[in-house]
Amino acid sequence: MNEQLTPDKILQTGLAFWASKTLLSAIEMGLFTELSHGPENLDAIGGRLGLHPRSARDFLDALVALGFLNRTGERYANTPETDLFLDRKKPSYVGGILEMANHRLYPFWGHLTQALRTGAPQNETRNGGPGIFEALYADPARLREFLAAMTGISHGANMTIARAFPWKDHRTFVDVGTAQGDLAAQIALANPQLQGFGFDLPEVAPVFEDYVAAIGVADRLRFVPGDFFKQDFPQADVVLMGHILHDWDLPTKKMLIKKAFDAVPAGGALIVYEAIIDDDRSKNAFGLMMSLNMLIETPGGFDYTGADCAGWMKEAGFSSTRVEPLVGPDSMVIGIK
Ligand SMILES: C[S@@+](CC[C@H](N)C(=O)[O-])C[C@H]1O[C@@H](n2cnc3c(N)ncnc32)[C@H](O)[C@@H]1O
């Protein structure tokens, strides 16, 4: 037995779902929103969240040990991060994706082995029936949860795209599959000369309109209802697609890239952003696991490398391409016509 080797990382990763589920249950019960009013002792929190006395202290102290709560004497408080990002009342709330992970992804990932063996999705569509978006959009509460979750997972990248891309050379843009509209809103906020469209399924319209109005850019952003399997994209100088191509199989990816090519003028651009996998497929673990998440969630979706996407863009006719890192595991692939 080689004494340098230890099983630590293996055991930590294997049991990492303990920490995840402890945090997800705290978010589900609204713990950090409750503590945004100020520090509280065990009995007060336990009472408000309905915690059984058998494990209430272990639960809160586990969150202290994980670095999501502070404790001074007998009083528990949010950390600066959990107070800013996990208080539902704050615009900086990123818990949407974690609420959806708790409700949907956590139980679905329990069937990963079956998915790896069958190639079949393990979400609401597991026992046949409508696709993920039809299933989700049939229920307004789940629609809102899903669309808010998308803002949670994309907000960091959206803020960077709004500032990193040379928008001064352009006048119009369209965000295809815009969901709540956070990317469109961040681009409009940072670039007063731009007019934009959010293109998505009709059920999304009220959620988009509420969101961009709340951010104060509704005068320069318009929602265009449509189905990208049936309609062409609205014409614009720049087309954006975030977390869209990974939802679909290769022929659909290529069809969407071709529609983007047809929607922009010469000199126009297509910006695709996701957790783009590194070309050597050995570093961006989140991007690779996101591709496993597409196995769980879709009949044919998968994530891909920058080189893959650049190749599909060239095939569609884009004359030049480049890959630029954004934030965390995310990057954008830019195609110029
Ligand atoms: C995974 S979400 C990505 C949302 C957002 N772009 C982001 O990155 O956070 C996929 C989006 O595609 C939209 N979508 C799915 N099928 C569509 C279709 N056939 N036509 C138009 N939009 C569609 C969904 O409504 C949803 O907003």
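Here, the structure is the one placed above.
All of these numbers come straight from a predicted model, not from anything done at the bench. Starting afresh in each chain, residues are numbered from 1 along the sequence in its written order. Where totals are concerned, whole chains, interfaces and linings use all residues; where local detail is concerned, this predicted model gives features only for residues with pLDDT of at least 70, and gives and counts side-chain atom pairs only at 80 or more. Computation of side-chain values covers all heavy atoms of the structure but excludes hydrogens and water.

1. Considerations on the pairing of strand 10 (residues 331-336)
Accessibility here uses a 1.4 Å probe with only protein chains present; expressed as a share of the type maximum, an area under 20% marks a residue as buried, one over 50% as exposed, and anything in between as partly exposed. Numbering of helices and strands runs from the N terminus; a helix is a DSSP stretch of H or I covering at least four residues, while a strand is a stretch of E covering at least two. Of all the six residues making up strand 10, five are buried; the element is thus mostly covered by neighbouring parts of the structure. Paired strands, in this sense, are two strands between which DSSP finds at least two bridges. Strand direction decides the pairing type here: strand 8 (residues 269-274) and strand 10, joined by six bridges, are antiparallel. Bridging across to strand 10, Ala269 finds its partner in Ile336. Note: strand 9 (residues 320-325) against strand 10, six bridges, orientation antiparallel. Paired with Val323 across the strands is Val333, a residue of strand 10. Connecting strand 9 to the antiparallel partner strand 10 that follows it, the hairpin turn spans five residues, and Gly328 within it adopts a positive phi of roughly 55°.

2. Looking at helix 7 (residues 95-109)
Maximal helix bending in helix 7 amounts to about 50°, located at Ala101. Among all positions of helix 7, only Gly95, Gly96, Ile97, Glu99, Met100, Ala101, Asn102, Arg104, Leu105 and Phe108 are buried. Any two residues whose heavy atoms approach within 4.5 Å at even a single point are treated as in contact. If you follow the buried residues of helix 7, they end up packed against helix 2 (16-28), helix 6 (80-85), helix 8 (112-118), helix 9 (132-137), helix 10 (140-164) and helix 14 (285-297). Throughout, the bend at a residue refers to the angle made by two axes, fitted to the seven residues ending there and to the seven starting there.

3. Describing the packing of aromatic side chains
Two aromatic rings, drawn from Phe, Tyr or Trp (for Trp, its six-membered ring), form a pair once their centres lie within 6.5 Å of each other, and the interplanar angle then sorts them: stacked below 30 degrees, edge-to-face above 60, tilted otherwise. Using the criterion set out here, one finds 13 aromatic pairs in the structure. With 5.9 Å between their ring centres and 75° between their planes, Phe133 and Phe146 make a pair best called edge-to-face. On the criterion of sequence distance, the pair formed by Phe133 in helix 9 and Phe146 in helix 10 is long-range, its members being 13 residues apart. Of the two residues, Phe133 and Phe146, neither departs from the other in class, the shared state being buried. Between Phe208 and Phe223, the ring centres sit 5.4 Å apart and the planes meet at 50°, which makes this aromatic pair tilted. Of this pair, Phe208 sits in helix 12 (residues 205-215) while Phe223 sits in strand 6 (residues 221-225); the two residues are 15 residues apart in sequence, bridging distant segments of the chain. Taken together, the aromatic side chains of Phe133, Tyr137, Phe146, Phe228, Phe229 and Trp248 make up a single cluster linked through ring pairs.

4. Quick word on the nonpolar core
In this structure, Trp167, Phe173, Leu221 and Leu240 are the most contacted members of the largest nonpolar core, which totals 42 residues. Looking at this core, the element that brings in the most residues is helix 10, giving eight residues. The residues touching Phe173, leaving out its near neighbours within four places in the chain, are Trp167, Ala184, Ile187, Leu194, Gln195, Gly196, Phe197, Leu221, Ala236, Val238 and Leu240. Nonpolar cores are built from buried Ala, Val, Leu, Ile, Met, Phe, Trp, Tyr and Cys residues. Side-chain atoms within 4.5 Å join them into one set. By size, the runner-up hydrophobic cluster in this structure holds 28 residues, among which are Ala236, Phe261, Val264 and Val272.

5. A word on the packing of helix 11 (residues 182-190) against helix 12
Axis separation between helix 11 and helix 12 bottoms out at 10 Å; the angle between their running directions is 25°. Viewed along their axes, helix 11 and helix 12 adopt a mutual orientation that is roughly parallel. The chirality of how helix 11 crosses helix 12 is right-handed. Contacts between helix 11 and helix 12 involve Asp182, Ala184, Ala185, Gln186 and Leu189 from the former and Phe208, Tyr211, Val212 and Ile215 from the latter. As a rule, the C-alpha atoms of each element are fitted with a line to give its axis, helices using only the stretch in contact, and angles between N-to-C directions run from 0 to 180 degrees. The cut-offs work like this: below 35 degrees is roughly parallel, past 145 is roughly antiparallel, 65 to 115 is roughly perpendicular, and the gaps in between are oblique. Two helices cross in a left-handed way if the nearer one is turned anticlockwise from the farther one by less than a right angle. They cross in a right-handed way if the turn is clockwise.

6. Observations regarding the pattern of salt bridges
Definition used for salt bridges: Asp or Glu carboxyl oxygen within 4 Å of a side-chain nitrogen of Lys or Arg. If you walk through the whole model with that rule in mind, you get 17 salt bridges. Its salt-bridge partner being Glu124, residue Arg104 comes within 2.6 Å of it at the nearest N-O pair. Here Glu124 lies in the loop between helix 8 and helix 9 and Arg104 lies in helix 7, a separation of 20 residues in the sequence. Arg104 sits in the buried class, given a relative accessible area of 2%. On the basis of relative accessibility, which here comes to 24%, the residue Glu124 falls in the partly exposed class. Ionic pairing is found between Arg142 and Glu124, a salt bridge with its closest N-O pair at 2.7 Å.

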